[in-house]
Structures are given as structure tokens and as C-alpha cells.
Amino acid sequence: MGIPQAMDSLRERAAFVKDSLHKSQTITDNMVSILGSFDHRLSALETAMRPTQIKTHSIRSAHDNIDKTLKAAEVILAQFDQTRKAEAKILRGPHEDLESYLEAIDQLRANVRFFSSKKSFKSSEGIINHANSLLAKAISKLEDEFRHLLTNYSKPVEPDRLFDCLPNSLRPSASGQQSEGGGKNHSEKKSMETVTFTLPTLIPPRVLPLLHDLAQQMVQAGHQQQLFRIYRDTRAAVLEQSLRKLGVERLSKDDVQKMQWEVLEAKIGNWIHYMRIAVKLLFSGEKKICDQIFDSVDSLKTQCFAEVTASSVAMLLSFGEAIAKSKRSPEKLFVLLDMYEIMRELQSEIETLFESKACTEMREAAMSLTKRLAQTAQETFADFEEAVEKDATKTAVQDGTVHPLTSYVINYVKFLYDYQATLKQLFQEFDPGEPEAQLASVTTRIMQALQNNLDGKSKQYKDPALTQLFLMNNIHYIVRSVRRSEAKDMLGDDWVQIHRRIVQQHANQYKRISWAKILQCLTVQGANSSGGADSNSGVSRAMIKDRFKTFNVQIEELHQRQSQWTVPDSELRESLRLAVAEVLLPAYRSFLKRFGPMIENGKNPQKYIRYSPENLEQMLGEFFESKTWGEQKR
């Protein structure tokens, strides 16, 4: 097809599109006109419906308000109903049903909180005042109930019940005495650390939760001080009564000073057990019930425990203070050590029980007593050492045996070593040095003081031989006792060996003084060894007779006197007799053999030769037996 045709065709199409567009615009304009009409109608309809919509919304809002008001009324009515029920329970009192009574108090408190938040409610103030009045009455009745329960179930603990709570090793024996006493074996003491103490039932367990709930309500009501006074007054009195039933008494320094030692010693022994029972059973039991009743009220808990125990602690410690301050004497050392020992044993428990600030005074009083006992014991040591050295007892032992002072001091030292661990602890209270060295030093000084005193006492004897025998006996007793005791480890082998040599020196001195003169009778200067009277030039029969007579007189005198002397140790006695016999008998046999024939050939030989060697040996066997002359004659 040619271009002209194409152009015509294109024109026709363009004309068609133009015509179509015109028609579409007309339709659009018509649609816009119709929609504008709808919009106008809807606007008119909405304007017509608005009053109806407003009315419907108002009705719905009113319905919601009515519903809310009804619900609020129901809540208020429920609160009124709960208040009425709570009031009825409170008026009945807590005694019949304490749990329900406590619930009623909680309900009243909740009601007060509820109406306090409803200040717009006209009756709120009146309801709140009424509820608070009821609460005041309720708390007053709670105080009465707390007092009633606590008093009714707080009874003094009988001693037998307390003894049943002790381990067997610490219970009183059938004779009524405590099983532990002064000078005890401290190896048994160590085993006590693992034994079990059973806390006594101070208040029945079923009552404790009730007391706890009552206490909580009183604290919430602000009646903390009333609660504190009730608890303190009740429990403090009962605790003191328990201790008094046990035997605890408040004694002053003057009371202690007036007592006879036997009575005081018994009281000290009992006090040691009372301290253990008080701390491990009574005070620990009080702490436990105090913690349970005042759980979650820490300030009241510690204050109550402190106030309940204060008087009882003071009563116990006052006796210890009176002993520590009383006049010192050697026999008190061991009871002081016993008292110091129990305070050390209980120290950690005392610090735990009385750890709070409220208990500071009691904790410090216990620590102060421990220190004072240690100080008094140490001063008593020094007194004892001085007393031993200066002991001026005029009682002389006539037979030269062991002096009472020696046995007393040695027994004293033995007792000291029963307290070795305690002594070492005591030394460290004041001196950080090596406690073993301090104990060895104390022992050495005491032993030296004793020896110094014995030297002085030995000079009372007119017979120098008896002086030596006395010193030999006493030093030997000291050495033997030390070797058999724990003191040997402290003093050492050198000390023992030195003093054994001293014993031997005194024995040698005794032999020299007693027997040198008599042995001179058995020697004749100038006699040759040929034997007979005629062959002993310069020796006359008269001289030999005189020697025999002198010998007889001296041996009889020695026998008479020294058979009344005493060597109490059998081994030492036999050793000394043997040492004399080894010198005397050979000399006598030799003299008898050489010069006996001169006498036997003359008149009345038995007048001069009274004793055979066997007779002399028998006589020596009677030396040092402490026999009187009358006993020898029988």
C-alpha cells in the first residue's frame, strides 16, 4: 500500500481515538457528579444520626459506671463483713484459737490499710478508728497471752535433768561428787573435746512457734519494749532459779576468805562444773529459744539474750573473781589452774554466745577473769618458790629421813606436770617466749629453792654424820621422783646425773664421818706381818685389849644410834650397808686374825672379842631401820 493510503488509515485511527477519549471524559464527569451526590447524602445522614450515637454512648458509660459502683460496693461490703468477723474473734480472745486470733489481727490491719486508701468514702474515718481501737485491745490481749504462755512453760531446770544432758564422764558419781577433781589426769580431759552435750528443753518445742507469732505481732504493733520487758523478766528469773537449784551462789571475796580450805576447795570444784553446765547447756539453750522466738528481729534477739543472761553470768563470774582476788597460798595454785583451764575450755563458746554488741560487757568480763586467774596463778608460782626457800619449819626429822617439805614440794611439782598443757598456755598469756623453756626454768628454780632450804635444815643436826645422811636421803628422793615423772624431760639427763653424784658424795661423807674413827681402832702402827704377840714388836696385849674394848664401845654406840636413823629407800639402804660392810668387815677380819690369838690365849677373851664378823654383819643389817633401843632389845 502506498504512503497516501497509510496516511488516510492513520488519520482515521486518530479520529477514532479522539472520539473515544471524548466519550470517556463524559462518562468520568458523570461519575464524579453521581459520587458527589452520594457524599452529600452520607454527610446529611451522619448529621441526622449523631444525636442517636451520643445518646447510645451515654447509656453505655452510665452502665459501666453502675457496674463499677456495684463492684466497689461489693468490695466495701466484703471489708465490712471481714471486719465484723475479725471483731468477733478478737472479742473472744486468743486463748481458745490463737492461730485464728492472729489471722483476725492481720485482717483488721488489712482493713485499716483499705479504708485509709478510700478517704473519699464518708464512713472511712469512723471505720478506721473502730478498727484501730480493736487492734489496740487485740495487742493488749496478745501481751497477756505471750506473758501467760511464757510464764506457764518457763520452769527452772532441775539439776537431775541437767546432769542427764552431760556426757557420762562429767556426770556426778553415786556419792554425789563430780567425776572430775583437782590433780586429775589430763589425758582424760582431752577426750572431753569430742563428747556430746544435749541441750535441755527449756520451753516445749510446740509452744515456740506460738510465742514466735505472738512476738511478731507485738513488734508489728510497735510494742517491742513491752515484749522485751516481759521476756527479760520471765526468762532471767527462771535462769537464775535453775542455777541456784544447781548450787550456784553469789559469794564475795570476804565470804571466800572466811571459809575453811576443805569447804572452799569443794566449792571451787563444783563451780568448775557449774560453769560448764551454764555455758554448754543453760546459756546455749537460752540462745537457741531466743533465736527461735525472735527470729528476724535481730536487735531484739540480741538484747533479750543479753538481758536474760546478764545477772546469771555475773553471779558465776563473781565467785571466780573472789577466788582470784583472795589471799594467795600454795594449795590454791591447782584450783586456780583448774579454774583457768575451764575458762580457756569455754572461751570459744563464750565468744560465740556473747558475740553481739549487747553482750560486750559479759564477754569482756569472762576474758578478764581468765586473765586474772592466769595472773594470780603465776604470782602463786613465785610465792611458792619463795616459800620453799624460806620455809622455816622447826620440825626436824630426828632419824634423818625424807623431810615433809621435800615430799610436799615433789608432790607439788608432780601435780604441776599434770597441768603441763595448761601451764604452757598460761605462760604465753604474759610471755610470747618458748613455754617449755619457761616450765623447765620454773621447775629448776623450785628444785634449787628446795635444796637450799634442805641445806639449812641439815645444819640443825648435831651429828655431822646424820647431816650427811639427811641430805643423802632427801636429794636421793628428789632424783628418784624426778626420774619417774614428766619433770625428767624438762630438767634433762644432765640434771639427773649431777644430782645422783651429789647423793653419792653425801653417802661418802657419811661413811667417812661415821666409820673413819672406828676403822682406826683396827689398825696398829708398827706391827709387822709375822703374826703372834711376841713377833709384833711394839704391840702389847694391853694395847690390843684396849683396841678391842674401844671398838666394841664404838660399834655398839653406832649401832644403838644409827639403827634409829632411817634410809627409807630400800635400794639406797642396802647399798649404804654394803659400802660400810665392804670396808668394815675385811678390816675387822684382818685385825681379828692378826691380834685375836693374843686375846684368846689370855683370861676372859669374850670380854674383849665380843663380836664375830658374822655378828657385825648382822648388826649392820639393823642400821637405818628406825628402830628404838627398846625394840632392839626385844
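Residues numbered from 1 in each chain as written. Predicted model: local features only at pLDDT ≥ 70, side-chain atom pairs only at ≥ 80, totals over all residues. Heavy atoms only, no water.

Caption draft 1: Main features of the overall build of the protein chain. Counting its secondary structure elements, the protein chain contains 21 helices and 0 strands. Out of the 634 residues in the protein chain, the part that is buried amounts to 42%. Across the protein chain, contacts joining residues at least 24 apart in sequence account for 82% of those joining residues at least 6 apart. As displayed, the protein chain offers around 34,500 Å² of accessible surface, 52% of which is attributable to carbon and sulfur atoms. (Helix = DSSP H or I, 4+ residues; strand = E, 2+ residues; numbered from the N terminus. Buried < 20%, exposed > 50% of the residue type's maximum accessible area, 1.4 Å probe, protein only. Contact = heavy atoms within 4.5 Å. Areas by Shrake-Rupley, 256 points an atom, 1.4 Å probe, with all protein chains shown as cover.)

Caption draft 2: Local environment of the nonpolar core. Among the nonpolar cores identified, the biggest contains 158 residues, and F146, Y231, W271, M343, L416, Y510 and W515 are the most heavily contacted of them. Residue contributions to this core peak at 15 residues, all from helix α9 (residues 261-293). In this view, W271 contacts L316, F319, G320, M339, I342, M343 and L369; residues no more than four positions away in its chain are not counted. (Core = buried A, V, L, I, M, F, W, Y, C linked by side-chain atoms within 4.5 Å.)

Caption draft 3: Examining the pattern of salt bridges more closely. Under the counting rule described, the total for this entry stands at 27 salt bridges. A salt bridge links R344 to E429, with the nearest nitrogen and oxygen atoms 3.5 Å apart. Taken together, the positions of R344 in helix α11 (residues 332-353) and E429 in helix α14 (residues 420-430) put the pair 85 residues apart, joining distant regions of the chain. With a closest N to O distance of 3.2 Å, E429 and K371 form a salt bridge. Of this pair, E429 sits in helix α14 while K371 sits in helix α12 (residues 360-390), placing them 58 residues apart in sequence. Under the relative-accessibility criterion, E429 is labelled buried at 16%. Overall, the relative accessible area of 40% leaves K371 in the partly exposed class. Linked through salt bridges whose partners overlap, the residues forming this network are R573, E574, R577 and E625. (Salt bridge = Lys/Arg side-chain N within 4 Å of Asp/Glu carboxyl O.)

Caption draft 4: View of helix α13 (residues 404-418). In this model α13 runs 21 Å from its N-terminal to its C-terminal C-alpha over 15 residues, within 8% of the 21 Å that 1.5 Å per residue would give. All of the buried residues along α13 are L405, T406, V409, I410, Y412, V413, L416 and Y417. When α13 is viewed along its axis, its buried side chains cluster within an angular range of 155° and face the same direction. Those residues of α13 hidden inside the fold are in contact with α11, α12, α14, α15 (435-458), α16 (464-483) and α17 (487-520). (Expected span 1.5 Å × (residues − 1). Arc of directions from axis to C-beta.)

Caption draft 5: Region of interest: empty space enclosed by the protein. The final tally for this structure, using the stated rule, is 3 cavities of 30 Å³ or more. Computed from the structure, the largest cavity encloses a volume of approximately 70 Å³. Every residue along the wall of the largest cavity is listed here: M275, V279, F283, V313, L316, L317, I350, F354, M362, R363 and A366. Broken down by secondary-structure element, the contributors of at least two residues to the lining of the largest cavity are α9, α10 (298-325) and α12. Tallied by class, residues from the lining of the largest cavity come to 10 nonpolar, no polar and 1 charged. (1 Å grid on protein atoms, 1.4 Å probe; cavity = no way out; pocket = protein on both sides within 12 Å on 5 of 7 lines; lining within 4 Å. Points joined across faces, edges and corners; volume = space filled by probe spheres on them. Nonpolar A, V, L, I, M, F, W, Y, C, P; charged D, E, K, R; others polar.)

Caption draft 6: Highlighting a nonpolar patch on the surface. On the surface, F16, V17 and L21 cluster together into a nonpolar patch covering about 340 Å² of accessible area. Tracing the sequence through the fold places F16 in helix α1 (residues 3-92). On the basis of relative accessible area, F16 is assigned to the exposed category, the value being 60%. (Patch = residues over 30% accessible without salt bridge, like charges linked within 9 Å, V, L, I, M, F, W, Y side chains within 5 Å.)

Caption draft 7: Spotlight on unusual backbone geometry. Unusually for a residue other than glycine, S296 sits at a positive phi of about 80°. By secondary structure assignment, the location of S296 is in the loop between α9 and α10.

Caption draft 8: Quick look at the side chain of N473. As for its placement among the helices and strands, N473 is situated in helix α16. Residue classification places N473 among the buried positions, given a relative accessible area of 2%. In this structure the side chain of N473 is engaged in a polar contact, spanning 2.7 Å, whose partner is the backbone oxygen of G400. Not counting residues within four places of it along the chain, the set of residues in contact with N473 comprises G400, T401, V402, T566, V567, P568 and L572. (Polar contact = N/O pair within 3.5 Å; in protein donor to acceptor, adjacent residues only side chain to side chain.)

Caption draft 9: Inspection of the environment of F595 at higher detail. Relative to the assigned elements, F595 resides in helix α19 (residues 570-600). Of the residues examined, F595 reaches a relative accessible area of 1% and is grouped as buried.

Caption draft 10: Focus on the packing of α15 against α17. Running from N to C, α15 and α17 cross one another at 40°; their axes reach a closest spacing of 9 Å. When the axis of α15 is compared with that of α17, the two are oblique. For α15 against α17, the interelement crossing comes out right-handed. Across from E436, L439, A440, T443, T444, M447 and Q451 in α15, the residues of α17 making contact are A487, M490, L491, W495 and H499. A per-class count over the contact of α15 with α17 returns 7 nonpolar, 4 polar and 1 charged. (Axes fitted to C-alpha atoms, helices over the stretch in contact; angles between N-to-C directions. Parallel < 35°, antiparallel > 145°, perpendicular 65-115°, else oblique. Left-handed = near helix turned anticlockwise from the far one by under 90°.)

Caption draft 11: The confidence of the model for the protein chain, seen in detail. Confidence in the prediction of the protein chain, expressed as mean pLDDT, is 83, and 78% of residues score 70 or more. Counting contacts from residues 185-193, a segment whose pLDDT is below 50, to residues more than four positions away or on other chains yields 14 contacts. Within the model, the stretch residues 528-535 combines pLDDT values under 50 with 9 contacts to residues more than four positions away or in other chains. (pLDDT = per-residue confidence, 0-100.)

Caption draft 12: Here's a closer look at a positive patch on the surface. Together, K414, R483, R484 and R500 make up a region of like positive charge exposed at the surface. Residue placement: R484 occurs in the loop between α16 and α17. Given a relative accessible area of 65%, R484 falls into the exposed group. (Lys, Arg positive; Asp, Glu negative; His and termini not counted. Charge placed at Lys NZ, Arg CZ, Asp CG, Glu CD.)

Caption draft 13: Just the packing of aromatic side chains, in detail. Following the criterion strictly, the structure yields 18 aromatic pairs and no others. Through a chain of ring-to-ring contacts, three or more aromatic side chains come together here, namely F334, F384, Y408, Y412, F415 and Y419. Cation over ring: K287 sits above F305, and NZ or CZ is 5.9 Å from the ring centre. Sitting above the plane of the F430 ring, K371 keeps its charged end 5.6 Å from the centroid. (Phe/Tyr/Trp six-rings, centres within 6.5 Å; stacked < 30°, edge-to-face > 60°. Lys NZ or Arg CZ within 6 Å of the ring centre and 35° of its normal.)

Caption draft 14: Up close: the environment of T360. Mapped onto the elements of the fold, T360 is located in helix α12. Sequence spacing of T360 and A306 is 54 residues, and the spatial spacing of their C-alpha atoms is 8.9 Å. Among the polar contacts listed, one links the side chain of T360 to the backbone oxygen of K357, at a separation of 2.7 Å.

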